[in-house]
Amino acid sequence: ATSRLLVNYQEPYRSQILDYLFKPNFGASLHILKVEIGGDAQSTDGTEPSHMHYENDENYFRGYEWWLMKEAKKRNPKIKLIGLPWAFPGWIGKGENWPYDYPDITAYYIISWILGAKQYHDLDIDYIGIWNERAFSSKYIKLLRYTLDKHGLEQVRIIASDRLWEPISFVMMIDSELHGVVDVIGAHYPGTKTVQNAILTGKKLWSSEDYSTFNDDVGAGCWARILNQNYVNGNMTSTIAWNLVASYYEELPFGRCGLMTAKEPWSGHYKVESPIWITAHTTQFTQPGWSYLQVDGHLEGGGSFVALTDGLGNLTIIIETMSHNHSKCIRPPLPNFNVVPQRATFYLRGSFYMVETLQVWHSRLDFESGNSSLFQQLYPVEVWKGRFSLDLNVDEVYTLTTLKTGQKCGFPEPPPPQPFPSSYRDDFNIRNPPFSEAPNFADQTGVFEYFVNASDPGDHVFTLRQVVVQRPITWVSDADQTISVIGNFKWVNMTVTCDIYIEKPRDGGVFIAGRVDNGGIYVRSTKGVFFWVFADGTYRVTGDLAGKEILMKGLAGVRENAWHTLTLNIQGNSASGLLNGYPLWENVTISKPRHGWAALGTRSFEFAQFDNFHIE
């Protein structure tokens, strides 16, 4: 759920961000885009909607991944696409928190997503994964291959298992049928190392999720080092960064761990961070289909180099000399090593002996003054009788290449940063919304979608509806309640007003909240000020999403299938609540949290509607 806020940027800023990411010979010029196959459950920074909420339901226009893949393909038709599920809708497990009991159903569900991508968006998915960082099932992987082939999807390759090198490599060595259907072994955060069994499979080895590091210059150093050393130390020929662009509220888990930052659609502000230009050193001068030359890429004074060719005479060499403290990734821990200034001499043999000059692109990360020089074209290097030398300093990246196509492109400065508007309203009155979700709401458990209330002749035809009614097969511990957060995490005093409509009789219920302090993988422990009303006619005020810390309770007289207006007012250490404009409770003492988002949600996985949301 890391691209959540990107979709509601206004033009031209949204297209500029996408150009920096995907446009060839422009910025990051990415080769590969991996998206989540939404599973209606929390996947780190929010939930992404499934294409099949229920067994008899199919919709290939939910969420933002279809849009993102199309925008990437529009800019670079050759970009490779991967889909991977983190979670699954509950019906797939028939009540069990496990996707492999009915492998035919799971395979059908995944293949529907691939076919929908083609049918509705003309997108060809190149690779499909199994279950992000969770167990794999050999039986399911074999069935997935069989089902892909049966539907004419022979060209879709399988990557497994998006966790560690083992046990998948070992199991492939002893199960020849599994060996035959897995095309790529993908490991997460491998620390540039692989294992013997993985090499022995003879399969392509990928770091299929890596980086995940705060996107300052140390993050750029991490990225430069692993982009080279994943191949040099671990024979990995693809490295995929989590995440593409930090387009989620920064106070959610792993804030700003994207290649660039775009978390302010309300202002238009975004920032092209240094990892974008580190990426360009590799991506602008190689392409999928190029081959790594099998050389020992360790430099004597520390650092590394890789060399790639298109097999048609072109050569690209990428050198990095990142020091230990300036290239630490978030994980795994990095053993100590030294890098010193050095003169490196390269020898070109065979068909490369004829190369006379190489174009040079250079970056230097400056941790003293903060004046880093990023992706600058220098004078070409003359190659004399197949050899050239280079003086390398510490914390540098060089690309030397026969290609003359590199470009450092840019746009005028985007607007300056602004906090989330302190007065904000949404009546959800939009007839044909471009996206299924209302802007700026970040679902943390459950899925909240635009809804057309055909049976309502009055003011509530267009609403926001919570639509997940069965606990999904989760990836982490989703809350037992549904919740979507919005606004500025630093907000202290606020008034939140919203019309609510409970659909579930007896034990149904909804809330509005303020000073909400948590989300993402920690959503179960979220605290704040929560104002609940229930279908049995009672209300509660709690200090937590779980509803354990009760601050006030009583009778409200709310029932299901009727619209009511809730107002929550938080000022300093005190909170009060109104129902339909009349005071219901007041002078409830609030000690903590001191600040946080606004939010709305439901008591359980149940249908409920919201309208005329307003924050001051």
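Because the structure is predicted, anything quoted here is derived from the model rather than measured.

Conventions adopted
- Residues numbered from 1 in each chain as written.
- Predicted model: local features only at pLDDT ≥ 70, side-chain atom pairs only at ≥ 80, totals over all residues.
- Heavy atoms only, no water.
- Disulfide = S-S within 2.5 Å.
- Helix = DSSP H or I, 4+ residues; strand = E, 2+ residues; numbered from the N terminus.
- Buried < 20%, exposed > 50% of the residue type's maximum accessible area, 1.4 Å probe, protein only.
- UniProt positions renumbered as here; feature names shortened; annotations may be inferred.
- 1 Å grid on protein atoms, 1.4 Å probe; cavity = no way out; pocket = protein on both sides within 12 Å on 5 of 7 lines; lining within 4 Å.
- Contact = heavy atoms within 4.5 Å.
- Pairing = 2+ DSSP bridges.

## Some remarks on the state of the cysteines
- Within this structure, the stated rule accounts for one disulfide.
- Paired through a disulfide, Cys222 and Cys329 show a sulfur-sulfur distance of 2.1 Å. Across the S-S bond of Cys222 and Cys329 the torsion is about 100°, and the bridge reads as right-handed. Of this pair, Cys222 sits in helix H8 (residues 217–232) while Cys329 is found in the loop between strand E12 (315–320) and strand E13 (342–347), placing the two residues 107 residues apart along the sequence. Residues Cys222 and Cys329 agree in their burial class; the two are buried.

## Focus: the UniProt feature "active site" (unreviewed entry) in the chain
- In the UniProt entry, the feature "active site" (unreviewed entry) is given for Glu133 and Glu209. Taken along the chain, the residues just named run across 77 residues; in space they keep tight, none of their C-alpha pairs more than 9.9 Å apart. Lining the largest pocket, from the residues named above, are Glu209.
- Residue placement: Glu133 occurs in the loop between strand E3 (127–128) and helix H4 (138–150).
- When sequence neighbours within four positions are dropped, the list of residues in contact with Glu133 reads Ser161, Asp162, Arg163, His188, Tyr189, Glu209 and Trp475.
- Structurally, Glu209 is set in strand E6 (residues 204–211).

## Some thoughts on the pairing of strand E5 (residues 184–188)
- Counting buried positions over the five residues of E5 gives five, a clear majority of the element.
- Of the two faces of E5, the one holding Val184, Gly186 and His188 and the one holding Ile185 and Ala187 are both buried throughout.
- Bridge count for strand E4 (residues 157–163) against E5 is four bridges, and the pairing is parallel. Counterpart to Ala160 in the pairing with E5 is Ile185.

## Description of the environment of Ala28
- Looking at the element boundaries, Ala28 is found in the loop between helix H1 (13–22) and strand E1 (32–37).
- Distance in space between the C-alpha atoms of Ala28 and Thr106 is 35 Å, their sequence separation being 78 residues.
- Ignoring any residue separated from it by four or fewer positions in sequence, one finds Ala28 in contact with Tyr20, Leu21, Ile276, Thr279 and Thr283.

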